[in-house]
2 protein chains.
Amino acid sequence: MASSAGQTNSGGTPPPAPPVRRRPGGRTSRTRARVLDAVRAELGERGYDGLTLDAVAARAGVHRATVYRRWRDVGGLLADLLAATADDDWLPRDTGSLLGDLTALNEENQDALTARPSIAAALLAASFRSEEAERGLLRLWADRYARCEVIVARAVARGELPPDTDARRLLVAATAPLYHQLMLLRTPPDPGLPAQAARTAVLAASAGAFAPGEAVS
Amino acid sequence: MASSAGQTNSGGTPPPAPPVRRRPGGRTSRTRARVLDAVRAELGERGYDGLTLDAVAARAGVHRATVYRRWRDVGGLLADLLAATADDDWLPRDTGSLLGDLTALNEENQDALTARPSIAAALLAASFRSEEAERGLLRLWADRYARCEVIVARAVARGELPPDTDARRLLVAATAPLYHQLMLLRTPPDPGLPAQAARTAVLAASAGAFAPGEAVS
């Protein structure tokens, strides 16, 4: 049952803990699931500053030595939590329209960022603290943007968008205002914001804002 | 020369250090300027985790006791730095067009967020760590958004926007993609992004995206 996270090197710098490989149904898998559930709970309740391996081990009912050996430090726990988060079958909702799909995406994001406790908000905050959390978050962002490109592909197939639409720029325009308000300006959640931000991006797209190499006029 | 920051209370919780009142040209003012210059330099070089009152005092050439008495802790230093940042005569550039004004604003933001070291990025990161830094940053955001409303007012006066345009929503739509890319997605700076994001917001505005109470259609 040796996992790649148990490797050590002989240098002075410990290697970053790679995510534990999935072993569906195995003991390693069950231990990991219990530990990551405990990380989510501790992170949500106490935030990054309150997260410790001892508290995670106690909450998970897993030997401290196991947690220290496999995850090594808080950065290792966060990186693995982010890897587990990316390792799901999430797909954006298919509502039948570009506006509907972007609104649904923003609503999911708003729900995740304003849940109490919000694991998503805690992970974003942790990415300013821990380089491993930052790397894990960047991998998760890349994965989520890749999965969301289907929203643009469907709109192209329906004739709502031209085929050469820059999917990434459209997705950023549709979703950034919500993150900006909630995470940077720290405004209270606004039930109208998901649809407003989605509609702004759709109107801009209709006016050609996300065409490639468009000159600023 | 007693300043309000020298007050204490008798409770167990120290009061937040209020900003030192300006005394243009006075010794208090010069001390504050030296200390805040040192905070900027230390924050830029070492980040929040490396910021200490001792290092700031040494760099500023100010007695440790003065720094501890007036600013008390790292949160006090950051709050005062943010207050000093807001206490300037900054105004958005007047380029003669809405697109030009929003592009110039985004260019200023991109320059500030990608400077090495970037005080703006360090303060944003610190706002996830220190409640005093967060409160200071929210005051600074409120001040900056209020000053930027003139961009929308000028566009209304030129007939580029309808009079009932929601200035805040337009400003967020124009500027959020840049913060999103640089601070959350951590993508490298893109010289085309300031104008692209500005143009997207202008196109959306032309299509009525920021009219008040607009129903989602």
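What counts and how
- Residues numbered from 1 in each chain as written.
- Chains lettered and ligands numbered in written order.
- Predicted model: local features only at pLDDT ≥ 70, side-chain atom pairs only at ≥ 80, totals over all residues.
- Heavy atoms only, no water.
- Salt bridge = Lys/Arg side-chain N within 4 Å of Asp/Glu carboxyl O.
- Helix = DSSP H or I, 4+ residues; strand = E, 2+ residues; numbered from the N terminus.
- Buried < 20%, exposed > 50% of the residue type's maximum accessible area, 1.4 Å probe, protein only.
- Core = buried A, V, L, I, M, F, W, Y, C linked by side-chain atoms within 4.5 Å.
- Contact = heavy atoms within 4.5 Å.
- Buried area = accessible area lost by both parts, 1.4 Å probe.
- Axes fitted to C-alpha atoms, helices over the stretch in contact; angles between N-to-C directions.
- Parallel < 35°, antiparallel > 145°, perpendicular 65-115°, else oblique.
- Nonpolar A, V, L, I, M, F, W, Y, C, P; charged D, E, K, R; others polar.
- UniProt positions renumbered as here; feature names shortened; annotations may be inferred.

Q: So what's going on with the pattern of salt bridges? Which residues, and what values?
A: Residue and element names in this part refer to chain B. Considering all chains together, one arrives at 36 salt bridges over all chains under this definition. A salt bridge links Glu42 to Arg46; the shortest N-O distance between them is 2.7 Å. Of this pair, Glu42 and Arg46 both sit in helix α1 (residues 27-50), separated by four residues, roughly a single helical turn. The exposure class of Arg46 is partly exposed, given its relative accessible area of 48%. Its salt-bridge partner being Asp73, residue Arg72 comes within 3.5 Å of it at the nearest N-O pair. Overall, Arg72 belongs to the partly exposed group, its relative accessible area being 26%.

Q: Could you give an account of the nonpolar core, with specific residues and numbers?
A: Residues Val35 and Leu102 of chain A together with Val35 and Leu102 of chain B are the most contacted members of the largest nonpolar core, which totals 130 residues. For Leu102 of chain A, the residues in contact, after removing those within four places along its chain, are Ile151, Leu170, Leu171, Ala174, Ala198, Ala201 and Val202 of chain A.

Q: I'd love a proper account of the interface of chain A and chain B, names of residues and values included.
A: Contacts between chain A and chain B engage 38 residues on the former and 38 residues on the latter. Approximately 3,600 Å² of surface area, both sides summed, lies buried where chain A meets chain B, with 66% of it carried by carbon and sulfur atoms. Applying the counting criterion to the chain A and chain B interface returns two salt bridges. A salt bridge links Glu134 of chain A to Arg186 of chain B; the nearest nitrogen and oxygen atoms lie 2.8 Å apart.

Q: Tell me about the packing of α1 of chain B against helix α3 (residues 64-71) of chain B, and name the residues and values.
A: Residue and element names in this part refer to chain B. Their axes nearest at 12 Å, the elements α1 and α3 cross at an angle of 95°. The angle between α1 and α3 places the two elements in the roughly perpendicular class. In this structure, α1 contributes Thr28, Thr31, Arg32 and Val35 to the contact, and α3 contributes Thr66, Val67, Arg70 and Trp71. Classifying every residue of the contact of α1 with α3 by side-chain character gives three nonpolar, three polar and two charged.

Q: Could you give an account of the UniProt feature "DNA-binding region" (unreviewed entry) in chain A, with specific residues and numbers?
A: Mapped onto this structure's residue numbering, the UniProt feature "DNA-binding region" (unreviewed entry) falls at residues 52-71 of chain A. End C-alpha atoms of residues 52-71 of chain A are separated by 11 Å, and the span's content is 80% helix alongside 0% strand.

Q: Summarise unusual backbone geometry; cite the residues concerned and give the values.
A: Outside of glycine, negative phi angles account for most residues, and trans bonds account for most peptide bonds. All names here are of chain A. Residue Pro117 follows Arg116 across a cis peptide bond; omega there is 0°. Despite not being glycine, Arg72 shows a phi value in the positive range, around 65°. By the element assignment, Arg72 lies in the loop between α3 (64-71) and α4 (74-86).

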